[in-house]
Amino acid sequence: MLTAAFTLSGCANQMPSHIALDPQLPLVQPQTLSLQELAIETIDTRAANFIVRFNNEGDAAKLISPSEAPRRQMDEVFRKGFTKAGYQIDPSAVQHIQFQLEQLLTDVNESTFGFEAKSNIIINVIAKNSTQELTKRYTARGTLKGPFNADFATLELEINKLLGQLSSDIVNDPELNQFIQQ
C-alpha cells in the first residue's frame, strides 16, 4: 500500500518533456486576384529552443521544448495562408518575405496558491521587392492565471491561440499585402 502511494506520487510529479504546438491556419481574406508570385522563407532566430519555462522559487527552472520545430510549423501556416490569400508560392519570385521567429516563450510562475503564465511571441517580417524593403514586427502577448499548477493542455491552447492570432495579423495585414503587390 505504501509502495503504491509512493509510485502514484512519483507519477504526479512527472512533467512531460515537450509541448505539442499546433498552429492553425487563420481566417484569411483574399488579398489579390492576380496570382502574384511570392517567395517565403521562415527562420528561427531565438537564442534557445525551449518554449515554456517553469520558474519555481529556489529551484532551477524547468525548460520545456516543442515536440516539433516551430519554424517548420509556422512556415507551413504562412505558405498556406498566403496561398489562400491569392499568392502563388515560388522560391524564385522577385517578391520575397522572410519570417523571423524572434521570440516564442511562456514563463510560468507557480506558487502555493496557483500559477501565472505569461506568453510572448514576436515575429519579425522582412518583405523585399526589386527596389524596396519593408520590415515590420508583430507581437502577441497573453496571461493565464489559475488556482492550481499549470497543465500542459491549457498552456498549449494559449500558445496556439496566440500563434493563430499573430498569423492572422500578418497574413491579413493591409500594409504588408500592399507592399507585396507593388
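Residues numbered from 1 in each chain as written. Predicted model: local features only at pLDDT ≥ 70, side-chain atom pairs only at ≥ 80, totals over all residues. Heavy atoms only, no water.

**Here's the deal with the pairing of strand S7 (residues 114-128)**
The buried count for S7 comes to twelve of 15 residues, which makes it a mostly enclosed element. One ladder, built from 15 bridges, connects strand S6 (residues 96-111) with S7; its direction is antiparallel. Bridge pairing links Leu 101 to Ile 123 in S7. Between S6 and S7, which pair antiparallel one after the other, the connecting turn spans two residues. The pairing of S7 with strand S8 (residues 133-146) spans 14 bridges and is antiparallel. From the neighbouring strand, Ile 122 faces S8, where its bridge partner is Thr 139. In sequence, S7 turns back onto S8 through a hairpin of four residues. (Buried < 20%, exposed > 50% of the residue type's maximum accessible area, 1.4 Å probe, protein only. Helix = DSSP H or I, 4+ residues; strand = E, 2+ residues; numbered from the N terminus. Pairing = 2+ DSSP bridges.)

**Notes on helix H3 (residues 152-171)**
Between its first and last C-alpha, H3 extends 28 Å over 20 residues, near the 28 Å set by a 1.5 Å rise per residue. Taken as a whole, H3 has its buried residues at Phe 152, Leu 155, Glu 158, Ile 159, Asn 160, Leu 162, Leu 163, Gly 164, Leu 166, Ser 167, Ile 170 and Val 171. (Expected span 1.5 Å × (residues − 1).)

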